[in-house]
Amino acid sequence: LPSTEIPSGEKPQSQLPPPPTYSFEELAKGEPPPYSAAALRGSEDQAQEEFHRAMQHYVKGNYAQAIPGLQAALKYNPQAARFSFYLGACYLLTGKVELAVASLRQTISLNDEMYSEPAHFYLAKAYLRRKEITAAKDELRRTANLHGTMEGQAREILNQLQR
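Below is a short write-up of the structure. (Residues numbered from 1 in each chain as written. Predicted model: local features only at pLDDT ≥ 70, side-chain atom pairs only at ≥ 80, totals over all residues. Heavy atoms only, no water.)

**A closer look at the layout of surface pockets**
Over the atoms a probe the size of a water molecule is rolled, and this reveals where empty space is left. Counted as a void, the second largest pocket has a volume near 150 Å³. Lining the second largest pocket are E26, K29, G30, E31, F121, Y122, K125, Q153 and I157. Mapped onto the lining of the second largest pocket, the elements with two or more residues apiece are helix 6 (113-129) and helix 8 (151-162). Counting residues per element, the lining of the second largest pocket draws most heavily on helix 6, which supplies three residues. Grouping the amino acids of the lining of the second largest pocket by side-chain chemistry returns three nonpolar, two polar and four charged. (1 Å grid on protein atoms, 1.4 Å probe; cavity = no way out; pocket = protein on both sides within 12 Å on 5 of 7 lines; lining within 4 Å. Points joined across faces, edges and corners; volume = space filled by probe spheres on them. Helix = DSSP H or I, 4+ residues; strand = E, 2+ residues; numbered from the N terminus. Nonpolar A, V, L, I, M, F, W, Y, C, P; charged D, E, K, R; others polar.)

In structure tokens form, the structure reads like this:
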């Protein structure tokens, strides 16, 4: 039988393969944020009607067609974080990165707990698309520090960026 001794001065080889590495393009890709229509009681105002129509396009993957309705909803109610969030997501998904950044920053400024975490996460994705790594890392840290449902994804991307 051959000897399994390791010659002195040499370290044993690790048995685990190195974790996969990803390109910036892969890290910048994003799945569309999930959306499920909430049943509203009573009559909808104009902003809600515009949002509802826009989101019918969104759920079908027609992000470019959703943009005009989301813009209209936001004009009626600029304080609605979900309007600016989904508008930012649509901009990002259609390659309009500068507009996505502005819309996602607006979402964050509204301090809506429901949309802060995903807005930081998708803003990080926008920064990755612009290859602004420091800004992306900052947004991913903010996402992770909120300890929500996107914390794991944010930490994984941060780990990839450290390599």
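The structure having been displayed, the exposition proceeds.
**Details of helix 8**
Residues three or four positions apart in an α-helix share a direction because the helix packs 3.6 residues into each turn. Counted at 1.5 Å a residue, the expected span for helix 8 with its 12 residues is 16 Å, and the 17 Å between its end C-alpha atoms agrees. All buried positions along helix 8 are accounted for by A154, I157, L158, Q160 and L161. In a view along the axis of helix 8, the buried residues occupy a sector of 160 degrees, so they form one face of it. (Expected span 1.5 Å × (residues − 1). Buried < 20%, exposed > 50% of the residue type's maximum accessible area, 1.4 Å probe, protein only. Arc of directions from axis to C-beta.)

**With respect to empty space enclosed by the protein**
All told, the structure shown has one cavity of 30 Å³ or more when counted by the stated rule. The computed volume of the largest cavity comes to approximately 30 Å³. Elements that contribute at least two residues to the lining of the largest cavity include exactly helix 4 (81-93) and helix 6. Examining the composition of the lining of the largest cavity, we find that three residues originate from one element, helix 4, more than from any other. When the residues that make up the lining of the largest cavity are grouped by side-chain class, the tally is five nonpolar, one polar and two charged.

**Quick look at the packing of helix 5 (residues 97-109) against helix 6**
Two numbers describe how helix 5 lies on helix 6: the axes approach to 9 Å, and their chain directions differ by 155 degrees. Taken as axis vectors, helix 5 and helix 6 run roughly antiparallel relative to one another. Classified by chirality, the crossing of helix 6 by helix 5 is left-handed. Every residue of helix 6 that contacts helix 5 at V97, V101, L104, R105, T107 and I108 is listed here: Y115, A119, H120, Y122, L123, A126, Y127 and R129. Looking at side-chain class alone, the contact of helix 5 with helix 6 contains 10 nonpolar, two polar and two charged residues. (Axes fitted to C-alpha atoms, helices over the stretch in contact; angles between N-to-C directions. Parallel < 35°, antiparallel > 145°, perpendicular 65-115°, else oblique. Left-handed = near helix turned anticlockwise from the far one by under 90°. Contact = heavy atoms within 4.5 Å.)

**Section: the packing of helix 4 against helix 6**
Viewed as axis vectors pointing N to C, helix 4 and helix 6 meet at an angle of 25 degrees, and their least axial separation amounts to 11 Å. Put simply, helix 4 runs roughly parallel to helix 6. Our pair here, helix 4 against helix 6, has a crossing hand that is left-handed. Seen from helix 4, the contacting residues are A81, R82, F85, Y86 and L92; seen from helix 6, they are Y115, P118, A119, Y122, K125, A126 and R129. Grouping the constituent residues of the contact of helix 4 with helix 6 by class yields nine nonpolar, no polar and three charged.

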